[in-house]
Amino acid sequence: MSDRPIRVRYAPSPTGHLHIGNARTALFNYLFARHYNGTMVLRIEDTDTKRNIADGEKSQIENLHWLGIDWDEGPDKGGDFGPYRQSERKAIYQKYIQELVAKGDAYESYKTEAELQADRDAQKAAHEAPHYVYEYEGLTEAEKQAKIAEAKAKGLKPVIRFHIPADHTYEWNDIVKGDISIDGNTIGGDFVIQKADGMPTYNFAVVIDDHLMQISHVLRGDDHIANTPKQMAIYEAFGWETPVFGHMTLIINGATGKKLSKRDESVLQFIEQYKELGYLPEAMFNFITLLGWSPKGEDEIFTRKDFIKLFDETRLSKSPARFDQKKLEWVNNQYIKKTDPNELTALAVENLIEAGRLPKDPDPSTIEWARQLISLYIPQMSFTGQIADLATIFFEQPKELDELDMKELADDNALAVIKLTQEKLRALPTFSAYFINQAVYHVRLETGVKGRKLYMPVRIATTREMHGPQLAETIELMGREKVLANMDYVINALEK
């Protein structure tokens, strides 16, 4: 552990909604900061103006808050190390770029895209790894300046490249991976630190920001390992101390074993999608924390306070984290069973409205009916968005009797059971679950039929389904008129 004050950051780009992988990065930084009583910083890396989307920053912040992640400094909170948007720090970057140019560690590059592509094509033909070819190789200073003047006369705008020292090795002890060593000759040569439009590139801006914001630890995905030597080179050029790096393993699709890619449409990958489906934020927090990290013991359900207390960065996994959709559904179901019914009702009603099952502005009696309906399905709901499909018998025309239904109804007593049940349901003064249960109980006493041979014909006749939640409560919510009509249909089918 570094002896510097603990300061970590989550630094998203406002180029899209909050992805599962980025949410995990934010979450691990949050737990690390809170466990050690450190500082969590939110920084917006918005230098790629072409890819930024409207409300991208707002979406990131809202979804982080929904998950239960907060921070101590950021664009919405301020702090002593702002601004916290890279687009507002351009003058800061310019100062340090000029310093590198003045020291000879960086220089103007006028190679056109066509020239760079020609180099890449030649390297590919020679079976070489892509790398930048120094455009001033072998030139005297006078020849170099003449070449630059010629490029300027053509109206070309330069990029600024950082000069990678030859034959230099970059080494660090990674929190997750252990000792890592990368030969500087393999990282692609001199790289761009300022684009032609004057904006800094990621690998430069992130170093300036992390240093000036006194970031002590950088926890991020292992797709950033290739960036680390470039960033370390800039730290070394300025004589700055590097933060402690930790690169978390990839998240893989549990079904395919392949890296979880945004193009993989078999898995929902954005926090907003899960929010809209009625997943609970506490469950998402729980599930994502266990993607690449595990506490001691076999328990799998923890509160946020539990995770803060238990978090140990040495238990970050070296193996890829398996995203298991069924496991997520199971975790969410555990939370659903313990959640305030009023909260579940609010979420599920929104899902029912979205699915067109309820009017957009339901009246109090409709909401109360929906509350009872939703309570029926809580034990089997993995997320509240399932309610629209689970409860189709309440909203759609009943299905036709199929072969399995008729097999269950083939018993000699089935028709008599159904007719007597219908007679008693029709006569009930109050059509409620209690009296419905009493009616079915008396059918059992009068016919002597019990168990499956009693309840399956009654369920099929009343709901036209073989399986479902508590029968009496289901019949009550369906209503007398619909239930008796369903029974008429089944009786007619059996009497043919």
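Model, not experiment: these values are computed from the prediction. For every chain, the first residue of the written sequence is number 1, and numbering continues from 1 onward in sequence order. Local features in this predicted model are restricted to residues of pLDDT 70 or higher, and side-chain atom pairs are both shown and tallied only at a pLDDT of 80 or more, whereas totals for entire chains, interfaces and linings draw on every residue. Side-chain measures here rest on the full set of heavy atoms in the structure, leaving out hydrogens and waters.

Caption draft 1: Representation of helix H17 (residues 433-447) within the structure. Each helix corresponds to a stretch of at least 4 residues labelled H or I by DSSP, and each strand to a stretch of at least 2 residues labelled E; elements are numbered beginning at the N terminus. The span you would expect from a helix comes to 1.5 Å times its residue count less one. For H17, with 15 residues, the first-to-last C-alpha span of 21 Å sits near the 21 Å given by 1.5 Å per residue. Of the surrounding elements, those touching the buried residues of H17 are helix H16 (414-427), helix H18 (452-463) and helix H19 (471-478). Immediately downstream of H17, the backbone of Gly-448 shows phi near 80°, a positive value. In what follows, a contact means two residues having at least one pair of non-hydrogen atoms within 4.5 Å.

Caption draft 2: Seen up close, the environment of Ala-433. In this structure, Ala-433 sits in helix H17. Separated by 126 residues in the primary sequence, Ala-433 and Phe-307 have C-alpha atoms spaced 43 Å apart. When near neighbours in sequence (up to four residues on either side) are disregarded, Ala-433 contacts Ala-472, Glu-473 and Glu-476.

Caption draft 3: View of the UniProt feature "short sequence motif: 'HIGH' region" (unreviewed entry) in the chain. UniProt positions are given in the numbering used here, feature names are shortened, and annotations may be inferred rather than shown by experiment. UniProt feature "short sequence motif: 'HIGH' region" (unreviewed entry): in the numbering of this structure it lies at residues 12-22. The span residues 12-22 is 27% helical and 0% strand by assignment, and the distance between its end C-alpha atoms comes to 8 Å.

Caption draft 4: Molecular detail of the UniProt feature "domain: Aminoacyl-tRNA synthetase class I anticodon-binding" (unreviewed entry) in the chain. Per the UniProt entry, the sites bearing "domain: Aminoacyl-tRNA synthetase class I anticodon-binding" (unreviewed entry) are residues 363-489 in this numbering. In this annotation, residues 363-489 is assigned 65% helix and 0% strand; the end-to-end C-alpha distance for the span is 32 Å.

Caption draft 5: Looking closely at the packing of aromatic side chains. Only rings of Phe, Tyr and Trp enter the pairing, Trp through its six-membered ring, and a pair is recorded when the two centres are within 6.5 Å. The plane angle decides the type: under 30 degrees is stacked, over 60 is edge-to-face, the rest tilted. According to the stated counting rule, one finds 21 aromatic pairs in the structure shown. Taken together, a centroid distance of 6.3 Å and an interplanar angle of 70° make the contact between Trp-172 and Phe-245 edge-to-face. One end of the pair, Trp-172, is in strand E5 (residues 169-174); the other, Phe-245, is in strand E9 (residues 244-248), with 73 residues separating them in the sequence. Both residues of the pair, Trp-172 and Phe-245, count as buried. With a centroid separation of 5.2 Å and 80° between ring planes, the pair formed by Tyr-434 and Phe-435 is classed as edge-to-face. Among the aromatic residues, those joined into a ring-pair cluster are Phe-28, Tyr-30, Phe-285, Trp-293, Phe-302, Phe-307 and Phe-311. Cation over ring: Arg-7 sits above Phe-81, and NZ or CZ is 4.2 Å from the ring centre. In this structure, Arg-464 is placed above the aromatic ring of Tyr-489, and the distance from its NZ or CZ to the ring centre is 3.9 Å. A simple rule labels every residue: compare its accessible area, found with a 1.4 Å probe on the protein chains alone, to the largest value its type can have, and call it buried under 20%, exposed over 50%, or partly exposed in between. Working rule: Lys NZ or Arg CZ, within 6 Å of ring centre, within 35 degrees of ring normal, means a charge sits over the ring.

Caption draft 6: Structural view of the packing of helix H6 (residues 202-212) against helix H7 (residues 228-238). Contact geometry for H6 and H7: axes closest at 9 Å, N-to-C directions at 55°. It follows that H6 is oblique to H7 by the angle criterion. Our pair here, H6 against H7, has a crossing hand that is right-handed. Contact residues: H6 offers Tyr-202, Asn-203, Phe-204, Val-206, Val-207, Ile-208, Asp-210 and His-211, while H7 offers Lys-230, Gln-231, Ile-234, Tyr-235 and Phe-238. Polarity classes work like this: nonpolar for Ala, Val, Leu, Ile, Met, Phe, Trp, Tyr, Cys and Pro, charged for Asp, Glu, Lys and Arg, and polar for all others, with Gly in that last group. Grouping the amino acids of the contact of H6 with H7 by side-chain chemistry returns eight nonpolar, three polar and two charged. Throughout, an axis means a line fitted to C-alpha atoms (over the contacting stretch in the case of helices), and angles, computed between N-to-C directions, take values from 0 to 180 degrees. Should an angle fall under 35 degrees it is called roughly parallel, over 145 degrees roughly antiparallel, and 65 to 115 degrees roughly perpendicular, with every other angle called oblique. Handedness of each helix crossing follows the sense of rotation of the near helix against the far helix: counterclockwise by less than a right angle gives left-handed, clockwise gives right-handed.

Caption draft 7: Quick peek at the pairing of strand E4 (residues 159-162). Burial of the side chains of E4 extends over both faces: Val-159 and Arg-161 are buried on one face and Ile-160 and Phe-162 on the other. Strands pair, by our definition, only if DSSP identifies at least two bridges between them. Sheet topology places strand E3 (residues 106-109) next to E4; four bridges connect them, and they run antiparallel. By the bridge assignment, Tyr-107 is partnered in E4 with Arg-161. Here E4 runs beside strand E7 (residues 191-194); their pairing, made up of three bridges, is antiparallel. The residue bridging Arg-161 from the neighbouring strand is Val-192, located in E7.

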